[in-house]
Amino acid sequence: MNDNNDFFKGPKDPLNTNNEELFNDPQDSHVPVYTPVYYPEKLKHNKKRKKKTSFFTIIIASLISAIIGGVVGAYIAPMYIFDKYPYIHDAPEKVEIITKNSEMNVASAVAQKAMPSVVGITTVSIQRDFLFGARRAQGLGTGVIVDSRGFILTNAHVIDNGEAEEVKVLLNDGETIDAEILWNDGSLDLAVIKIDAANLSVADLGESDDLVVGETAIAIGNPLGLTFERTVTAGIISGLNRSVPVSEYESIDGLIQTDASINPGNSGGPLLNEKGEVIGINTAKIQSGEGLGFAIPINTAKPIVDEFIEKGEFKKVYLGIRPYDVKQVEASYGDIPNVDNGVFIWRVYEDSSAYRAGIATGDVLVSLGGVEIISVQQLLKELYKYRPGDETTVEVVREGERKKLKIKFESKTY
């Protein structure tokens, strides 16, 4: 590490191979001292009066000297000192802006392709509090058309987790249509709403499982209100499989992190790749930092969207338990033997899939279909992989011992 006193030293001579100071002390022994020598005998023979140089001649000489000095300084000196203009030749490579222009062209093309499938969503909800009682609260978000018959994918929190009394959709052509809430899940922060329309522009859904950090990411939404509707921001995929806590014991897992600007109102809007395909649904931003936005991978929503498109409804498998994270239970009641992570079964409902499989109150569910379960959030996401009638194996820890049970899923219609 350089000494702090270096900040007070003079600049270094870039051509001084000994790296000596450019400004030496006048008393420095390195500075040679010359003593003038006079020759009187020669001075006696030079008594002729010198001709005065005219002012005009001085001006001309100065101009010529300046021109010559400029040429030497600008062309000849760099040629020998800097090995024939290395900075001039290298400049185009170091100031390359092709990538920047390319990104801008990609963003423009993606926006033109995706914009017709992006909608604005406005809501009215009834909120109650101790001071003001019941009051009407307005909300704003974004959505993506996933089927030409009017199915729209958005965030659950955009529609107040299904509690919104009024939901309206603003289409790209300016038309506003009332919407119906078909399904929502706050644990995934996803929802599907529908408008009575046909022949709508539909977004292309991409593959979020194939994402690589550093890829181009483009977000479209309505940040801070409809005044800035359909704002386009561009960035990259900054990270994958991120977790964002939403409460002391809950978090949203498996998120895509991006530095494309995501602000309130962007929620529910698409995160797109350079092909204009939806790779995520924008959901959250870390308020304490810049360029920290998050999106739900589109592959999480695909099974839900596909079933709505195919059947017009979605049937979620019903396990029939009241679960809690093991960490949450241990914080209140102490450690559970032979268990590090998992889902504690607080209650099993009668005539449910779990009840028929033999799962009991007090069990800790640690595996489903061979996949290790570490939290309630992960269990809920795994359940979306199954359909009513599917069978698999569930593993629980009961009184310190592991047991494998077979389970057949039943449906819960939305």
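Since the structure is predicted, the reported quantities are computational estimates derived from the model, not experimental observations.

### Side note on the overall build of the protein
Helix and strand counts for the protein come out as eight helices and 20 strands. Looking at the protein as a whole, 38% of its 414 residues qualify as buried. Sequence-distant contacts in the protein: of pairs separated by 6 or more residues, those separated by 24 or more amount to 58%. By element, 52% of the accessible surface of the protein is carried by carbon and sulfur atoms, the whole surface being about 25600 Å².

### Looking at the side chain of S208
Of note, S208 is situated in the loop between β6 (190-195) and β7 (216-221). What makes S208 buried here is its relative accessible area of 9%. From its side chain, S208 meets the backbone nitrogen of N299 in a polar contact 3.1 Å long. Here S208 is in contact with I256, I279, P297, I298 and N299, once residues within four sequence places are set aside.

### Side note on the nonpolar core
In this structure, L153, W183, L190, V192, I304 and F308 are the most contacted members of the largest nonpolar core, which totals 33 residues. When residues of this core are assigned to their parent elements, the largest contribution, five residues, is made by helix α5 (residues 298-311). Aside from chain neighbours lying at most four places away, what touches L190 is L153, T154, N155, A156, W183, N184, D185, I281, I296, T300 and A301. Residues A357, I359, I373 and V394 belong to the second largest nonpolar core, which totals 21 residues.

### Quick notes on the confidence of the model for the protein
Per-residue pLDDT for the protein has a mean of 76; in total, 70% of the residues score no lower than 70. Across the protein, element-level confidence peaks in strand β3 (residues 151-154) with a mean pLDDT of 96 and bottoms out in helix α3 (residues 86-94) with 35. Segment residues 1-48: pLDDT under 50, and 10 contacts once partners within four positions in sequence are set aside and those in other chains are kept.

### What to know about the environment of D363
You can see D363 is positioned in the loop between α7 (353-357) and β16 (364-368). With 34 residues separating them in the primary sequence, D363 and V397 have C-alpha atoms 5.7 Å apart. In contact with D363, not counting residues within four places along its chain, are V343, F344, I345, G358, V396, V397 and R398. Polar contacts involving the side chain of D363 include one to the main-chain amide nitrogen of A360, which spans 2.9 Å.

### Some thoughts on the environment of V305
Considering the arrangement of structural elements, one finds V305 in helix α5. We classify V305 as buried; its relative accessible area is 3%. Separated by 154 residues in sequence, V305 and F151 have C-alpha atoms that sit 8.5 Å apart. When neighbours within four sequence positions are excluded, V305 is seen to be in contact with V146, L153 and L205.

### A word on helix α8 (residues 376-383)
Residues three or four positions apart in an α-helix share a direction because the helix packs 3.6 residues into each turn. Burial runs high along α8: six of the eight residues are buried. Listing the buried residues of α8 in full gives V376, Q377, Q378, L379, E382 and L383.

### Overview of the pattern of salt bridges
Enumeration according to the criterion identifies 11 salt bridges in this entry. A salt bridge links R356 to D351; the nearest nitrogen and oxygen atoms lie 3.9 Å apart. Exposure remark for R356: the relative accessible area of 51% places this residue in the exposed category. Between K385 and E382 there is a salt bridge whose closest N-O contact spans 3.1 Å.

### Section: the packing of aromatic side chains
By the definition in use, this model includes nine aromatic pairs. Within the aromatic cluster, the residues linked to one another by ring pairs are F151, W183, F308, F314 and Y384. Seen from the ring of F151, K194 lies directly overhead, with NZ or CZ sitting 5.4 Å from the centre.

### Some thoughts on the environment of F308
Residue position: F308 is located in helix α5. Take F308: its relative accessible area is 3%, and that puts it in the buried class. The spatial distance from the C-alpha of F308 to the C-alpha of L182 is 9.3 Å, given a sequence separation of 126 residues. Leave out the neighbours within four places in its chain, and F308 touches R149, F151, L182, W183, V192, E313 and F314.

### With respect to unusual backbone geometry
Peptide bonds are trans in most cases, and residues, glycine excluded, mostly fall at negative phi. Backbone geometry places D160, a non-glycine residue, at a positive phi of 60 degrees. If you trace the backbone, D160 turns up in the loop between β3 and β4 (166-170). If you check the backbone angles, D351 has positive phi at about 55 degrees while not being a glycine. Overall, the relative accessible area of 55% leaves D351 in the exposed class.

Each value, and the rule that gives it
Residues numbered from 1 in each chain as written. Predicted model: local features only at pLDDT ≥ 70, side-chain atom pairs only at ≥ 80, totals over all residues. Heavy atoms only, no water. Helix = DSSP H or I, 4+ residues; strand = E, 2+ residues; numbered from the N terminus. Buried < 20%, exposed > 50% of the residue type's maximum accessible area, 1.4 Å probe, protein only. Contact = heavy atoms within 4.5 Å. Areas by Shrake-Rupley, 256 points an atom, 1.4 Å probe, with all protein chains shown as cover. Polar contact = N/O pair within 3.5 Å; in protein donor to acceptor, adjacent residues only side chain to side chain. Core = buried A, V, L, I, M, F, W, Y, C linked by side-chain atoms within 4.5 Å. pLDDT = per-residue confidence, 0-100. Salt bridge = Lys/Arg side-chain N within 4 Å of Asp/Glu carboxyl O. Phe/Tyr/Trp six-rings, centres within 6.5 Å; stacked < 30°, edge-to-face > 60°. Lys NZ or Arg CZ within 6 Å of the ring centre and 35° of its normal.

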